[in-house]
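Listed below, chain by chain, are the residues.
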Amino acid sequence: MVKKYNADIELNLQKRLVSTELRNFKAKKESAIEPLCEEFYRLKESGKSPEELKVVADNILFEIKNGPPFVYS
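Here's a quick rundown of the structure. Numbering of residues starts from 1 in every chain and runs along the sequence as written. Residue-level local features of this predicted model are given only where pLDDT is at least 70; pairs of side-chain atoms are given and counted only at 80 or more, and the full residue set underlies all totals for whole chains, interfaces and linings. Side-chain metrics rest on all non-hydrogen atoms present in the structure, leaving aside hydrogens and water.

**Focus on the overall build of the chain**
Inference 1: What the chain contains, in helices and strands, is 2 helices and 0 strands.
Inference 2: On C-alpha atoms alone, the chain measures out to a radius of gyration of 20 Å, which is more than a quarter above the 11 Å that the 2.2 N^0.38 rule sets for 73 residues.
Inference 3: Burial classes follow relative accessibility: with a 1.4 Å probe on protein chains only, a residue under 20% of its type's maximum area counts as buried, one over 50% as exposed, and anything between as partly exposed. By residue count, 12% of the 73 residues in the chain fall in the buried class.
Inference 4: All accessibility values rest on the Shrake-Rupley procedure with a 1.4 Å probe; residue burial counts only the protein chains present in the view. Accessible area for the chain stands at about 6,400 Å²; split by element, carbon and sulfur atoms hold 62% of it.
Inference 5: Across the chain, the centroid of the 13 positively charged side chains sits 9 Å from that of the 12 negatively charged ones. By definition, any uninterrupted DSSP run of H or I lasting at least four residues is a helix, any uninterrupted run of E lasting at least two residues is a strand, and each is numbered from the N terminus. Atoms counted for the radius of gyration: C-alpha only. Globule rule: 2.2 Å times the number of residues to the power 0.38. Charged residues are defined narrowly, with Lys and Arg counted positive, Asp and Glu counted negative, and His plus the chain ends left uncounted. Lys charges are placed at NZ, Arg charges at CZ, Asp charges at CG and Glu charges at CD.

**Regarding the side chain of Lys29**
Inference 1: Along the chain, Lys29 falls in helix H1 (residues 2-45).
Inference 2: Salt bridge criterion: a side-chain nitrogen from Lys or Arg within 4 Å of a carboxyl oxygen from Asp or Glu. Buried and unpaired, Lys29 has no salt bridge, with Glu63 as the nearest side chain of opposite charge at 6.5 Å.
Inference 3: Only heavy atoms enter the contact rule, under which two residues are in contact if any of them lie within 4.5 Å. Excluding residues that lie within four positions of it along the chain, Lys29 makes contacts with Glu63, Ile64, Gly67, Pro68 and Pro69.

**Topic: the packing of aromatic side chains**
Inference 1: The aromatic pairing rule takes the rings of Phe, Tyr and Trp, using the six-membered ring of Trp, and pairs them if the centres are within 6.5 Å, calling planes under 30 degrees apart stacked, those over 60 edge-to-face and the rest tilted. Enumeration over the complete set of coordinates arrives at 1 aromatic pair.
Inference 2: Ring geometry for Phe40 against Tyr41: centres 5.5 Å apart, planes inclined by 75 degrees, an arrangement best described as edge-to-face.

The structure is reproduced here in structure tokens:
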């Protein structure tokens, strides 16, 4: 009975930890790419060519994929 209760508590803590870690990861990722996205929209409104905008968009996608925070296994 005590072992089951302890296991349930441990499972609940693990679930909350994973949820918190995911929220933290998302917030860090968004803070890393938000300035890049703002720059993209600023360049778009200033009339940059589609080729120039594509380069900036590709850089944003690269940052999303490879930038901080990093995932370790």
